[in-house]
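# Working through the structure, step by step
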Amino acid sequence: LDSLVKLNGAQMVVANIFQSQESDQMIQSIQGWVRTVDISVDVNDPDLRILPNDGHPNARGHQLMANRLISYLQNNNLLSHPQSLNDSLHDYLESP
């Protein structure tokens, strides 16, 4: 998959979206041959999860994940139009 991505002039980035031993092992197994970034949020934080006993992030949690991914892509010069993407995502995430 990484070769196909590079063939098309892009770079593959795998984002870890969930904190677990399995996710950590997966990220560790591919580090060195593909870019990785951890954008997960602490779903034990009640302000970041949907329901008290649910392991899924709410809108605020997803916003934090999106911000982390955008920051990573910008800091690594992986966006061709970083400001327009950032503006578009911000507008989308702020819409009702």
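First things first, this report covers the structure right here in the doc. Model, not experiment: these values are computed from the prediction.

### Some points on a nonpolar patch on the surface
- Side chains of Leu1, Leu4 and Leu7 sit close together on the surface and give an oily, nonpolar patch of about 390 Å² of accessible area.
- Within the fold, Leu7 resides in helix H1 (residues 2–7).
- The exposure class of Leu7 is exposed, given its relative accessible area of 71%.

### Here we look at the pairing of strand S2 (residues 35–38)
- Sheet topology note: the strand S1 (residues 13–16)/S2 ladder contains four bridges and is parallel. Following the sheet pairing, Ala15 is matched in S2 by Val37.
- Handedness of the β-α-β unit built from S1, helix H2 (residues 21–30) and S2 comes out right-handed.

### With respect to the nonpolar core
- Residues Val37, Ile39, Val41, Val43, Leu48, Met65, Tyr72, Leu73 and Leu79 constitute the largest nonpolar core, which totals nine residues.
- In terms of residue count, helix H3 (residues 59–75) provides more of this core than any other element does, three residues in total.
- Membership of the second largest hydrophobic core comes to five residues, among which are Met12, Val14, Ile27 and Ile30.

### Remarks on unusual backbone geometry
- Positive phi, normally seen in glycine, also occurs at Asn77, with a value near 50°.
- Summarising the element assignment, Asn77 is placed in the loop between H3 and helix H4 (82–94).

### With respect to H3
- The end-to-end C-alpha separation of H3 is 24 Å, in line with the 24 Å expected for 17 residues at 1.5 Å each.
- The set of residues buried in H3 consists of Gly61, Gln63, Met65, Ile70, Tyr72 and Leu73.
- Measuring from the backbone nitrogen of Arg60 back to the side-chain oxygen at the start of H3 gives 3.0 Å, which picks out Asn58 as the cap.
- Directly after H3, the chain includes Asn77, whose backbone phi takes a positive value near 50°.

### A short note on the side chain of Ser23
- Residue placement: Ser23 occurs in helix H2.
- Owing to a relative accessible area of 14%, Ser23 belongs among the buried residues under this scheme.
- With residues up to four places along the chain from it excluded, the contact list for Ser23 reads Asn16 and Phe18.

### A look at H2
- Along H2, the residues that are buried comprise Ser23, Ile27 and Ile30. For H2, the angular spread of the buried residues around the axis is 75°, confining them to a single face. In H2, the exposed residues that point more than 90 degrees away from the buried face are Gln21, Glu22, Gln28 and Ser29.
- In this structure, the buried residues of H2 make contact with S1 and S2.
- Looking one or two places after H2, you find Gly32, whose phi comes out positive at around 105°.

Rules of the game
Residues numbered from 1 in each chain as written. Predicted model: local features only at pLDDT ≥ 70, side-chain atom pairs only at ≥ 80, totals over all residues. Heavy atoms only, no water. Patch = residues over 30% accessible without salt bridge, like charges linked within 9 Å, V, L, I, M, F, W, Y side chains within 5 Å. Areas by Shrake-Rupley, 256 points an atom, 1.4 Å probe, with all protein chains shown as cover. Salt bridge = Lys/Arg side-chain N within 4 Å of Asp/Glu carboxyl O. Helix = DSSP H or I, 4+ residues; strand = E, 2+ residues; numbered from the N terminus. Buried < 20%, exposed > 50% of the residue type's maximum accessible area, 1.4 Å probe, protein only. Pairing = 2+ DSSP bridges. Right-handed = clockwise from strand over helix to strand, strands pointing away. Core = buried A, V, L, I, M, F, W, Y, C linked by side-chain atoms within 4.5 Å. Expected span 1.5 Å × (residues − 1). Polar contact = N/O pair within 3.5 Å; in protein donor to acceptor, adjacent residues only side chain to side chain. Contact = heavy atoms within 4.5 Å. Arc of directions from axis to C-beta.

Note that all results are geometric; they support no functional claim without further evidence.
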